[in-house]
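Residues per chain are reported as follows:
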Amino acid sequence: MDALRFIAKRLLLMIPILIGISILTFAISNTIPGDPARLILGPKATPEGLEALREDMGLNDPLYVQYGRYMAGIFQGDLGESTYSQRPVADDLIRYSPATFELTIFAMVITLLIGIPFGIISASRKDKIADQFTRIFALLGVAMPAFWLGLLLLLFFYLRLGVFPGSGRLDNGMSPPDYITGMYTVDALLTGNWPVFISAVMHLVLPGITLSAVTVGMITRMTRSSMLTVLQSDYIRTAYAKGAPENRVLYGHALRNGVMPVITLLGMAFGHALGGSVLVEAVFSWPGLGQYAVNAINYLDFPAVMGVTLLIAIMFILVNLIVDTMYFFIDPRLKHN
Amino acid sequence: MVRRVVSSPLTVLGLVIVLIIIVSAIFAPAIATHSPTEVDLLSKLEAPSGEHYFGTDEVGRDIFSRIVYGTRISLRIGLLVVLISFPIGTILGAIAGYIGGRVDQIIMRITDIFLSFPGIILAMSIAAALGPSIENVMLALAATWWPWYTRIVRSSVLSIKHSEFIEASRALGANPFRILFKEIIPNSIAPATIQASLDLGFVILSAAGLSFIGLGAQPPSPEWGAMLSNSREILREAWWAATFPGIAILLTVLGFNLLGDGLNDVMDPKQR
Amino acid sequence: MALLEVQNLKQHFTTKKGFMGEKTVIKAVDGVSLSIEEGKTLGVVGESGCGKSSLGRSILRLVEPTEGSVKFNGQEIVGMSPRGMKELRKEMQIVFQDPYASLNPRNTVRKILEAPLLIHGTGNKKERQERIESLAGKIGLRKEQLNNYPHEFSGGQRQRIGIARALMLNPKLIIADEPVSALDVSVQSQVLNLMLDLQQERNLSYMFISHDLSVVQHVSDKVAVMYLGKVVEIADVKKVYKDPLHPYTRALLSALPIPDPVRVRNRIILQGDLPSPANPPPGCPFHTRCPMATKECAEIVPPLEEKTTDHFAACIHT
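To keep things clear, this report deals only with the structure shown in the data block. (Residues numbered from 1 in each chain as written. Chains lettered and ligands numbered in written order. Predicted model: local features only at pLDDT ≥ 70, side-chain atom pairs only at ≥ 80, totals over all residues. Heavy atoms only, no water.)

**Here we look at the overall build of chain B**
To keep it simple, the criterion reads: Only runs of H or I of at least four residues qualify as helices and only runs of E of at least two qualify as strands under DSSP, and these elements are numbered from the N terminus. For every residue, the accessible area obtained with a 1.4 Å probe (protein chains only) is divided by the maximum for its type, and the residue is called buried under 20%, exposed over 50%, and partly exposed between those limits. Any two residues having at least one pair of non-hydrogen atoms within 4.5 Å are treated as being in contact. Each accessible area value is a Shrake-Rupley result obtained with a 1.4 Å probe; residue values ignore everything except the protein chains displayed when judging cover. As used throughout, the charge tally considers Lys and Arg to be positive and Asp and Glu to be negative, leaving His and the chain termini uncounted. Charge positions are represented by NZ for Lys, CZ for Arg, CG for Asp and CD for Glu.
A count of helical and extended segments in chain B gives 12 helices and zero strands. Counting helices and strands in the order they occur from the N terminus, chain B gives α-α-α-α-α-α-α-α-α-α-α-α. Out of the 272 residues belonging to chain B, those deemed buried represent 59%. Taking as baseline every contact in chain B between residues at least 6 positions apart, the subset at least 24 positions apart corresponds to 70%. Of the accessible surface of chain B, which amounts to about 11200 Å², a share of 66% is contributed by carbon and sulfur atoms. Looking at chain B, you have 19 positive and 20 negative side-chain charges, and the mean spots of the two groups are 11 Å apart.

Spelled out as structure tokens, the structure:
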């Protein structure tokens, strides 16, 4: 019951943020310099023709009317038409988002599998060689331009060694698995399509590692500092003092409390990965939202750019909501407040 | 304080990197061995050598010289973005924290909205709307960066707002403007300043990313992100074109990071 | 006419709790009346949490009073326009308890002392510097020390700087909020003597807020004893210390060390804790801890009455 109330409260608090986001994206769309009508009709347009199109497009209405129309459109799933693909933006977003989801989730899994153990090792061997090594590794991860790491991985593992494919989601000529979630690895697993599954995973490796570089650095650092705080706390000293074996102290007492705060950072890390996916997808020709956005930018396709922006912001908020809810269930203190 | 900075080898490393970048930017014409933009088709796609330290690109431009000149672009971006967003964020944060109530709520809800976009995505859409140019990328980054300073400054203002020296100022009849600028901001700006020095690196990184997808610097500008974007076409033939500009970005971000972390340790009163 | 005349002053704080906001009202100052004559000192004593600091801040309108009247030189302060208030701030100043927190750590002492003059646009540059230097001399600072920062001074020195700042504008009244309680005992008397000298020299009035009864006895002409936001006793210092009428005053005084080894001390130990000002007891606020309490005490709120000539107390049993 408490959990339901908590989630309901968080959902309620999301409403003003969502309205704010829509105002901001609307404002950005309105800063496009120049007159959209002129952009469409070209330099030879007559004043009458321009005026008629402006009236037709609703550009002469007051801003709040235009905003109202924009909001009404969003609620009906109408995000305008992509000038590049000539399809409704909403359809394009549905088509491209599973690939981005698959990539970011894969990157987050790598992040957790590497970041948390590295952070724990680093903290438990504070100032020893393993710690120094991990800290430099994490620092490099945070400072690393992901798109550059992607290029290096392409150079080495694709062009030089040829062990991993360098672009796309599947080998050439392979047809995607039956559509269930749109994420090829998941769909292939569900339909038992092993060749496709293996190909999909192979294609995920390089972009996934690239995308996770920054977040691995973040999570490693956070885990390390949080574990250090816990390891220096009185109850851990007490555990040592009463003669508990080191491993039991570390894994029994410290781990749970040390890793918990890291969860709060997951939302932020996911946001980073979502943002980074734009660049990483461009490097690996990964047909997701990021590449769609980059293409849209190059073709001055604003409805598409704004559609991606809005969708990613909403995804980011939802992820944060999920993370908060998880934290609510894990941290007993929150349940009583 | 100087001794504390020097006592940490990583901070010294950061300082050295930052100094190298500044020196390269100032003395770029003296350091560069070639023109950063001159095309020389006779020596295109040359591997690194004594003549071209970092090799040449597909039209024979010297990559080393381009990277050296690129420090000017990157430093300018970093500094300008921070110089725009820092005062805006600081003043809004100080106002929010000091005045409180409804003003605080409005300002903080606005920052929440900006922070509910992944930074690079918001900057991307603003830059895309303004049109591809380096100035627009700077504007876009400044527009996404200020809320961080607002948050940091607000929380440090909240921690000193009820200090007796602020009350003393009010008892003397100082107006809110004076209290804000003479008493509150000078005493709550330190954490945000440290963040700003860290951010110099991250701003440069983000700008390079936006240039990489075609939004920022346009060819033939020797901007590192644009150079990397360009290198994709010749990845098979010229590994050096994809390697060195990236190292430059990495080192720059690393340098400002190490310096900022070092400053943080020095300024943190708990460690004094 | 008294210099400062406070009538029925109330300072209530509302705090919201929780999401839906159940409000609690904390009556920090609850109907205080008192006055201070020119050149005299009123001591205000009470335990921490009794509202004596809130009273000082309320009088200066550092916190807006909820209700009541504060007259300075016959002029009503509550509700006064910001411009008029700014003028009046020259006349009444405050000295704070914590000399470490009351000086801006980023400014030199010279700047700290100049601020009041700049705020009120007093004098030109030369005149301002002269005034700073002359006051610095008064509080025992050398000229060179003016360019130092607060952290380079001792607590006592800082408190003297705080006093100098309060004096920069030549005020008539100074509210001193526990001005010596953060200082070492050895330094306390230096600061107190400085305050007394300055009072003589400039005919200053003080409202001296403290929890320390001996200090208050030493500096005050009149004393007000506060308990849970109310004045429970007020009279000349001699009357209060020799012949306390309120049981709370008696209890406080019984804890004072007596410099006479032969006399037997009859210490009254108060029962229980100070009740929360958010939830004060009904009737006499002191009845929960009072050794003399009877049934009526829980019902009747005792008014502050003149029990003997110029000696006021709020107790139905005296």
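**Notes on the overall build of chain C**
To keep things clear, this is the line we draw: Our radius of gyration looks at C-alpha atoms and nothing else; its globule reference is 2.2 Å times the residue count to the power 0.38.
Secondary structure summary: chain C contains nine helices and 12 strands in total. Here chain C has a C-alpha radius of gyration of 21 Å; the compact-globule value for 318 residues is 20 Å, and the two agree. Overall size of chain C, expressed as C-alpha extent along the three principal axes, is 65 × 60 × 45 Å. Within the span of chain C, comprising 318 residues, buried residues form 50% of the whole. Of the contacts made within chain C by residues no fewer than 6 positions apart, 64% connect residues no fewer than 24 positions apart. About 15000 Å² of surface is accessible on chain C, with carbon and sulfur atoms providing 49% of the total. Positive and negative charge centroids in chain C, built from 41 and 35 side chains respectively, lie 5 Å apart.

**Points about the pairing of strand S3 (residues 41-45) of chain C**
Residues and elements named next belong to chain C. Inclusion rule: Strand pairing requires that DSSP identify at least two bridges connecting the strands.
Among the five residues of S3, five are classified as buried, and the element is accordingly described as predominantly covered. Every second residue of S3 is oriented toward a common face, with Thr41, Gly43 and Val45 on one face and Leu42 and Val44 on the other, all of them buried. Here five bridges tie S3 to strand S8 (residues 205-210), and the two strands are oriented parallel to one another. The residue bridging Val44 from the neighbouring strand is Ile209, located in S8. Pairing of S3 with strand S9 (residues 222-227), which is carried by four bridges, proceeds in the parallel orientation. Each residue of the ladder has a partner; that of Gly43, found in S9, is Val223.

**What about the environment of A:Leu321?**
Its place among the elements puts A:Leu321 in helix H13 (residues 302-330). Once residues lying within four places of it in the same chain are set aside, the contact partners of A:Leu321 are A:Arg10, A:Leu11 and A:Met14.

**Describing the pairing of strand S4 (residues 67-72) of chain C**
All names here are of chain C. As paired elements, S4 and strand S5 (residues 75-76) share two bridges and run antiparallel to each other. Pairing of Phe72 across the sheet is with Gln75, part of S5. Taken together, S4 and the strand that follows it, S5, pair antiparallel across an intervening segment of two residues, in which Asn73 is found at a positive phi of about 55°.

**Observations regarding the interface of chain A and chain B**
Heads up, the condition is: Each of two parts loses accessible area, computed with a 1.4 Å probe, when they are put together; buried area is these two losses added. Any Lys or Arg side-chain nitrogen located within 4 Å of an Asp or Glu carboxyl oxygen qualifies as a salt bridge. In the analysis that follows, any N or O atom pair within 3.5 Å is treated as a polar contact, provided that within protein one partner can donate a hydrogen and the other can accept it, and provided that, for residues neighboring in sequence, both atoms belong to side chains. Amino acids outside the nonpolar list (Ala, Val, Leu, Ile, Met, Phe, Trp, Tyr, Cys, Pro) and the charged list (Asp, Glu, Lys, Arg) are all regarded as polar, and Gly is one of them.
Contacts between the two partners involve 44 residues from chain A and, on the opposite side, 40 residues from chain B. Between chain A and chain B, the buried area comes to about 3700 Å², and carbon and sulfur atoms account for 83% of it. Its largest share of buried area at the contact with chain B, chain A owes to A:Phe147, A:Trp148 and A:Leu151, together 15% of the area lost on that side. In this assembly, chain A and chain B are joined by one salt bridge. The closest approach of N and O atoms between B:Asp261 and A:Arg221, which form a salt bridge, is 3.5 Å. At the junction of chain A with chain B, the criterion picks out four residue pairs in polar contact (both at pLDDT 80 or more). Mapped onto the side of chain A that touches chain B, the elements with two or more residues apiece are helix H1 (2-30), helix H6 (129-143), helix H7 (146-160), helix H11 (246-284), helix H12 (289-298) and H13 of chain A. Its residues placed into classes, the side of chain A that touches chain B shows 35 nonpolar, eight polar and one charged.

**Let's talk about the nonpolar core**
Worth spelling out the cut-off: Definition of nonpolar core: a set of buried residues of the types Ala, Val, Leu, Ile, Met, Phe, Trp, Tyr and Cys, connected through side-chain atoms within 4.5 Å.
Core analysis: the biggest nonpolar cluster contains 207 residues, and B:Met124, B:Leu141, B:Ile213, B:Leu215 and C:Tyr241 have the highest contact counts within it. Looking at which element gives the most residues to this core, the answer is H11(A), with 17 residues. When residues no more than four places from it in sequence are discounted, the contact partners of B:Leu215 are A:Ile297, B:Met124, B:Ala127, B:Ala128, B:Pro132, B:Ser133, B:Val137 and B:Leu210. Residues C:Leu9, C:Ile59, C:Phe72 and C:Ile234 belong to the second largest nonpolar core, which totals 34 residues.

**A short note on helix H10 (residues 190-212) of chain B**
Residues and elements named next belong to chain B. Inclusion rule: Working rule for helices: expected span equals 1.5 Å times residues minus one. Here the bend at each residue means the angle between axes fitted to two seven-residue stretches, the one ending at that residue and the one beginning there.
For H10, which comprises 23 residues, the first-to-last C-alpha distance of 33 Å matches the rise-based estimate of 33 Å (1.5 Å per residue) to within 8%. Along H10, the sharpest kink reaches roughly 35°, centred on Asp199. Residue Gly214 follows H10 closely and has a positive phi angle near 95°.

**Regarding the sheet that holds S8(C)**
Residue and element names in this part refer to chain C. Rules: All axes are obtained by fitting lines to C-alpha atoms, using only the stretch in contact for helices, and the reported angles, taken between N-to-C directions, cover 0 to 180 degrees.
Read from one edge to the other, the open sheet built from eight strands follows the order S6-S7-S8-S3-S9-S10-S12-S11, with strand pairing classed as mixed. In the strand order of this sheet, the two ends are held by strand S6 (92-95) and strand S11 (305-308), each with one partner. In this sheet, adjacent strand axes meet at a mean angle of 20° when their direction is disregarded.

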